[in-house]
Amino acid sequence: MTHIEVKAVNKVFKTDSREVIALKDINLDIPQGQFVCLLGPSGCGKSTLLNAIAGFSLPSSGTITADRKLVTGPGPERGMVFQEYALFPWMTVEKNIAFGLEIKGMPQAEIAAKVDQLLGMLSLSDFKHRFPKDLSGGMRQRVAIARVLALDSPIMLMDEPFGALDALTRRNLQDELLRIWAELKKTIIFVTHSIEEAIYLADRIVVMTYRPGTVKRDLMVDLPRLRDPSAAEFNALKRELGQLVMEEQQRHHNDEMRMAAVD
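The following refers to the structure shown. (Residues numbered from 1 in each chain as written. Predicted model: local features only at pLDDT ≥ 70, side-chain atom pairs only at ≥ 80, totals over all residues. Heavy atoms only, no water.)

### Focus: the sheet that holds strand β9 (residues 204-208)
Spatial ordering of the open sheet is given by β6-β7-β8-β3-β9-β10, a layout of 6 strands whose pairing is mixed. Every other strand in the sheet has two partners, leaving β6 (78-81) and β10 (215-220) as the edge strands with one partner each. The mean angle between the axes of side-by-side strands here comes to 15°, regardless of whether they run parallel or antiparallel. Sheet topology places strand β3 (residues 35-39) next to strand β8 (residues 187-192); 5 bridges connect them, and they run parallel. Note on β8: the bridge partner recorded for V36 is I189. Here helix α5 (residues 167-184) sits on the sheet and contacts β3, β7 (155-159) and β8; the angle it forms with β8, its principal contact strand, is near 160°. (Pairing = 2+ DSSP bridges. Helix = DSSP H or I, 4+ residues; strand = E, 2+ residues; numbered from the N terminus. Axes fitted to C-alpha atoms, helices over the stretch in contact; angles between N-to-C directions. Contact = heavy atoms within 4.5 Å.)

In C-alpha cells:
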C-alpha cells in the first residue's frame, strides 16, 4: 500500500531579482514501512522536499498525499525529527516526551505509561528528570526521537538528525533507529548527505540532482541487515553512489564559478 505519494511536485522560491527552482517534477511512491533515504549534495532540495512532505512548505505545483490524505499542512500522521533537537530547555526529559500527549488531552496515567515505555526503549530511564542542557548531543537526539514516537505517527520524517554527532554516537543511534523501525514498522524518510549512512540505514535510496532538484537515481538496497560497511558489496554500492553524488557536486561547483564570474 502506498503510504506517501509525491506526484509531479515543483517548488519555486521567488526573490526580488529572480526565481529559484528548488524542486522539479518529483514523483515518488513510498509504501508503508519502507525506510527511504534522500541523498545528495547541499543545495539539491532534500530538505525542501522533506519540508513539503511535512507540510511546512507546500509545493508550487503538484500534490503530496500521506496516509491517503492530501498534505495541506502539518499533520499528526507525520512526525518530524530535526538536526537541532528542538527540545524545550525548561522541561525535563520526561516532560519533553510527554508534551505532545498532554496537548492531545491523553489521561495522565496513560501519558506516564507511554513515557516510561519510551524512556526504556531509548535507554533514557536514568535521565528522565534531567534538563536538555545536562545531556550530550546523542542523548538530546534520543529525546527528540522519543517525543515523535510518543505521538505514534505512522510516518517519521528525519532531517539529518545525526549530522552534528561524533562517529561513534552516530553509529549507536543509527542502530537504535533501525531497531525501533524494525519493531514499530514506521515509514521513514531520512535526509542525509552521508553515502555510508544512507547505505547502512535504507531499504531505498533516492539520489537527487543539484538545483533544480530532481530524482537522479532511485534504487533499492539489496543488502542483508545488519550491514557491514567493510563488506565488498557495501563498498561497491558506496562507489556507485559516490560517483552519482560527485557529478552533482561538480555541477554545484561549476554553477558557483559561473555566478562568481558574472558578479
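### Regarding the nonpolar core
Among the nonpolar cores identified, the biggest contains 53 residues, and F35, I97, F190, I199, I205 and L241 are the most heavily contacted of them. It is helix α4 (residues 137-150) that provides the largest number of residues to this core, a total of 8 residues. When near neighbours in sequence (up to four residues on either side) are disregarded, F190 contacts F35, V36, C37, L38, M158, P161, F162, L177, E197 and L201. Counting 25 residues, the second-largest nonpolar core is a separate cluster that includes I30, V36, I64 and L157. (Core = buried A, V, L, I, M, F, W, Y, C linked by side-chain atoms within 4.5 Å. Buried < 20%, exposed > 50% of the residue type's maximum accessible area, 1.4 Å probe, protein only.)

### Focus: the packing of helix α2 (residues 93-104) against α4
Contact geometry of α2 with α4 gives a least axis separation of 8 Å together with a crossing angle of 25°. Looking at the two axes, α2 sits roughly parallel to α4. Considering the relative orientation of α2 and α4, their crossing is right-handed. When α2 is examined against α4, the residues V93, N96, I97 and L101 are found in contact with a partner set consisting of V143, A146, R147 and A150. Classifying every residue of the contact of α2 with α4 gives 6 nonpolar, 1 polar and 1 charged. (Parallel < 35°, antiparallel > 145°, perpendicular 65-115°, else oblique. Left-handed = near helix turned anticlockwise from the far one by under 90°. Nonpolar A, V, L, I, M, F, W, Y, C, P; charged D, E, K, R; others polar.)

### Overview of the pattern of salt bridges
Side chains carrying opposite charge are able to pair once their charged atoms draw close together. In total, this model carries 18 salt bridges according to the counting rule given. Close ionic contact of K95 with E102 constitutes a salt bridge, the shortest N to O distance being 4.0 Å. Exposure remark for K95: the relative accessible area of 42% places this residue in the partly exposed category. For E102, a relative accessible area of 33% translates into the label partly exposed. The closest approach of N and O atoms between D134 and K133, which form a salt bridge, is 3.2 Å. Under the relative-accessibility criterion, K133 is labelled exposed at 65%. Here the salt bridges do not stand alone but share partners, grouping R142, E176, R179 and E183 into one network. (Salt bridge = Lys/Arg side-chain N within 4 Å of Asp/Glu carboxyl O.)

### Observations concerning the packing of α2 against helix α3 (residues 108-121)
Relative orientation of the contacting elements α2 and α3 amounts to 130°, with a least axis distance of 10 Å. Between α2 and α3, the crossing angle belongs to the class labelled oblique. Like other packed secondary-structure pairs, α2 and α3 cross with a definite hand, here right-handed. Contacts from V93, E94, I97, A98, L101 and E102 of α2 reach α3 at Q108, I111, K114, V115, L118 and L119. Partitioning the contact of α2 with α3 into residue classes produces 8 nonpolar, 1 polar and 3 charged.

### Digging into the environment of D218
Looking at the secondary structure, you find D218 in strand β10. The exposure class assigned to D218 is partly exposed, which follows from its relative accessible area of 36%. In sequence terms D218 and I205 are 13 residues apart; their C-alpha atoms lie 5.9 Å from each other. Ignoring any residue separated from it by four or fewer positions in sequence, one finds D218 in contact with L28, R204, I205 and V206. One polar contact links D218 to R204, side chain to side chain, over a distance of 2.7 Å. (Polar contact = N/O pair within 3.5 Å; in protein donor to acceptor, adjacent residues only side chain to side chain.)

### Observations concerning the side chain of R170
Note on placement: R170 falls in helix α5. Contact partners of R170, with chain neighbours within four places excluded, come to F162, G163, L165, T192, S194 and E197.

### Thoughts on α5
A rise of 1.5 Å per residue sets the reference length of α5, with its 18 residues, at 26 Å; its end C-alpha atoms lie 26 Å apart and thus fit the reference within 8%. Within the sequence span of α5, burial applies to R170, L173, Q174, E176, L177, L178, I180 and W181. Looking at the buried residues of α5, the elements they touch are β3, α3, α4, β7, β8 and α6 (195-201). Looking at where α5 begins, the residue whose side-chain oxygen comes 3.2 Å from the main-chain nitrogen of L168 is D166. Backbone geometry just downstream of α5 places K185 in the positive-phi region, at approximately 60°. (Expected span 1.5 Å × (residues − 1).)

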